[in-house]
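# Inside the fold
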Amino acid sequence: NKYTLSTIFFLAVLLFLLWRQTDVPFKLGSGAMTDAKCYTNAMLYYNEGFLKTKYLVPYTIYPPLTEILCCMYMKLGVKDFHGQKIIAVILNIISLFFFFLLVAELVNKRAACFAVLFTGLNVSFLQHSDSIYRHSYEFLFTFSALYLFIQALTITFSCFLFPQAIFIWIKQKILSEN
């Protein structure tokens, strides 16, 4: 389909542009402080361990899922800040693809193509696309959970409905502000 191919081409170009943006170590703006805090707390987990810190990190008002995931990337070998930002960009591109699938399922592929285009070119999305803080995970968990939930509802008997409901509940509890 031409809309699917157009969307994939747009996502590839956006990935290239956002990849180039990751070269800036700490940019000015709202994301610099949260990125530094997340990276510093992840380094604390990496150096001290989860059990020694009792999963508590200083200077955070949210549950430490992003810090735990960043530390897990460090354990897998991605210790530098630039590598962490590349992971965030890839997660955002994947979330836009799930957004495309979601809108295509609800409306049609043409509307989904334009929705991804407008969302991907949104200034706020571009500003936070390489943030290692919670924004990447919020987009990914929200769009993938909604798409998978709708897929589960379209099947008469679905063994995937319960795990997807658990996934949505975990997303809401871990990433919620309360």
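So, a few notes on the structure that sits alongside this text. (Residues numbered from 1 in each chain as written. Predicted model: local features only at pLDDT ≥ 70, side-chain atom pairs only at ≥ 80, totals over all residues. Heavy atoms only, no water.)

### Looking at a nonpolar patch on the surface
On the surface, F9, V13, F16 and L17 cluster together into a nonpolar patch covering about 430 Å² of accessible area. Relative to the helices and strands, F9 is located in helix α1 (residues 2-21). By relative accessible area, F9 is classed as exposed at 58%. (Patch = residues over 30% accessible without salt bridge, like charges linked within 9 Å, V, L, I, M, F, W, Y side chains within 5 Å. Areas by Shrake-Rupley, 256 points an atom, 1.4 Å probe, with all protein chains shown as cover. Salt bridge = Lys/Arg side-chain N within 4 Å of Asp/Glu carboxyl O. Helix = DSSP H or I, 4+ residues; strand = E, 2+ residues; numbered from the N terminus. Buried < 20%, exposed > 50% of the residue type's maximum accessible area, 1.4 Å probe, protein only.)

### Notes on the packing of aromatic side chains
Counted by the stated rule, this structure contains 7 aromatic pairs. Ring geometry for Y39 and F81: centres 5.4 Å apart, planes at 80°, overall edge-to-face. One end of the pair, Y39, is in helix α2 (residues 30-48); the other, F81, is in helix α5 (residues 81-106), with 42 residues separating them in the sequence. Judged by its relative accessible area of 11%, F81 falls in the buried class. Here the aromatic rings of F125 and F139 are separated by 5.5 Å at their centres, their planes lie at 45°, and the arrangement is tilted. Residue F125 is found in helix α7 (residues 123-128), and its partner F139 is found in helix α8 (residues 135-154); the two are separated by 14 residues along the sequence. Residue F139 is classed as partly exposed on the basis of its relative accessible area of 28%. (Phe/Tyr/Trp six-rings, centres within 6.5 Å; stacked < 30°, edge-to-face > 60°.)

### Observations regarding the environment of A145
Residue position: A145 is located in helix α8. Put simply, A145 and F167 are 22 residues apart on the chain and 6.9 Å apart in space, counted from C-alpha to C-alpha.

### A short note on the nonpolar core
Membership of the largest hydrophobic core comes to 29 residues, with the highest contact counts inside it found for L14 and V116. Taken together, the elements giving at least two residues each to this core come down to α1, α4 (65-75), α5, α6 (109-120) and α8. By residue number, the principal contributor to this core is α5, which donates 11 residues. Those residues in contact with L14 that lie beyond four places of it in its chain are I93, L96, G120, F125 and L126. (Core = buried A, V, L, I, M, F, W, Y, C linked by side-chain atoms within 4.5 Å. Contact = heavy atoms within 4.5 Å.)

Just geometry here; none of it tells us what the structure is for.
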